[in-house]
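Working through the structure, step by step
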Amino acid sequence: MDRISRRDSLKAGLAAIAATATVGVSREANAQPAAKALFTVEQTFIPIANSTQQFPVRRIYCIGRNYAAHAREMGSDPTREPPFFFQKPTDAIQYVAPGQVVDHPYPSLTKNYHYEVELVAALKSGGKDISIERALDHVYGYALGLDMTRRDLQRMLGDQKKPWEIGKSFDRSAPIGPIYPVSAIGSFSKETISLAVNGVIKQRATLDQMIWSVAEQISKLSEANELFAGDIIYSGTPENVGPVVKGDVILCKLDRLPDLSIKIT
Ligand code: MN
């Protein structure tokens, strides 16, 4: 190779490096938020009571075994266990308008479909390592909800030491009523929560029977994950969970909130 062609070759090499660098920069630019989404993923919302606004749902957290008698019926010792949490996908939300009995399809894969009535807290802000004292400052409002469960799958998978994900996290497994802002209704402390099937009371407790209060749940959860506005927390169910079959009507009540009712179809 003579000197000139060597110089040309060097130039070509530098140009190639420059071109690569340019591509690198433009790729990085493409990764910025200005890039267009390939498709739209639908945001899940829960209506806010007496408002034209709705609450966008970011994550659905649920606490397990949070009433002593329910912990015992599930085979654990309520005095010893720290709280544990799981999640449902946001599209598990099934909105149930007050005053209506909404059809709720019996899900696939189960022969033992259970109800769990629960108070739900909806967050307007979040953070990490939130103190118990400040935890309720992050609550926007409350709703009445159901943590519907494929109990046979939850138990079988648990017994096999496999994730019991599909026992809890599936389509329409989180029926919920409208969210009532704290600014309108205040907080909850020892109200009565109950559930009836076909007019027969099955679950009934007061909220002060929770092992971990809503404030403690928020604080504990924020140690594991940073919490954000849009997160909602199912705060656990009292004892006497049980099965429903097609045709059954579930009626949930919580003092100061309207009833929530679904029909299994
Ligand atoms: Mn539950």
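Heads up: the structure comes first, above all this text.
Bear in mind the structure is a predicted one, so any value in this text is a computation, not a measurement.

A word on the sheet that holds strand 10 (residues 149-150)
Across a sheet, strands are paired by hydrogen bonds formed along the backbone, either parallel or antiparallel in direction. Strand order in the open sheet formed by 3 strands is 10-7-16, with antiparallel pairing between adjacent strands. Only two strands of the sheet have a single neighbouring strand rather than two, namely strand 10 and strand 16 (242-244). Pairing geometry for strand 7 (residues 113-115) and strand 16, over 3 bridges, is antiparallel. Bridging from a neighbouring strand, Tyr-115 pairs with Gly-242 of strand 16.

Digging into the pairing of strand 13 (residues 192-197)
As paired elements, strand 13 and strand 14 (residues 200-206) share 6 bridges and run antiparallel to each other. Note on strand 14: the bridge partner recorded for Val-197 is Val-200. From the end of strand 13 to the start of strand 14, which pair antiparallel, there are 2 residues, and Asn-198 there has a positive phi angle of about 50°. Examined bridge by bridge, strand 13 and strand 17 (residues 249-254) share 5 bridges and lie antiparallel to one another. Looking at the pairing, Ile-193 lines up with Leu-254 of strand 17.

Things to note about helix 7 (residues 214-224)
Within helix 7, the full set of buried residues consists of Val-214, Ala-215, Gln-217, Ile-218, Ser-219, Leu-221 and Ser-222. Here the buried face of helix 7 lies against strand 3 (60-63), strand 4 (85-88), strand 8 (117-123), helix 3 (132-135) and strand 15 (232-234).

Calculation notes
Residues numbered from 1 in each chain as written. Predicted model: local features only at pLDDT ≥ 70, side-chain atom pairs only at ≥ 80, totals over all residues. Pairing = 2+ DSSP bridges. Helix = DSSP H or I, 4+ residues; strand = E, 2+ residues; numbered from the N terminus. Buried ≥ 20, exposed ≤ 12 C-beta atoms within 10 Å, placed from the backbone. Contact = placed C-beta atoms within 7 Å.

The values are spatial; any link to function lies outside them.
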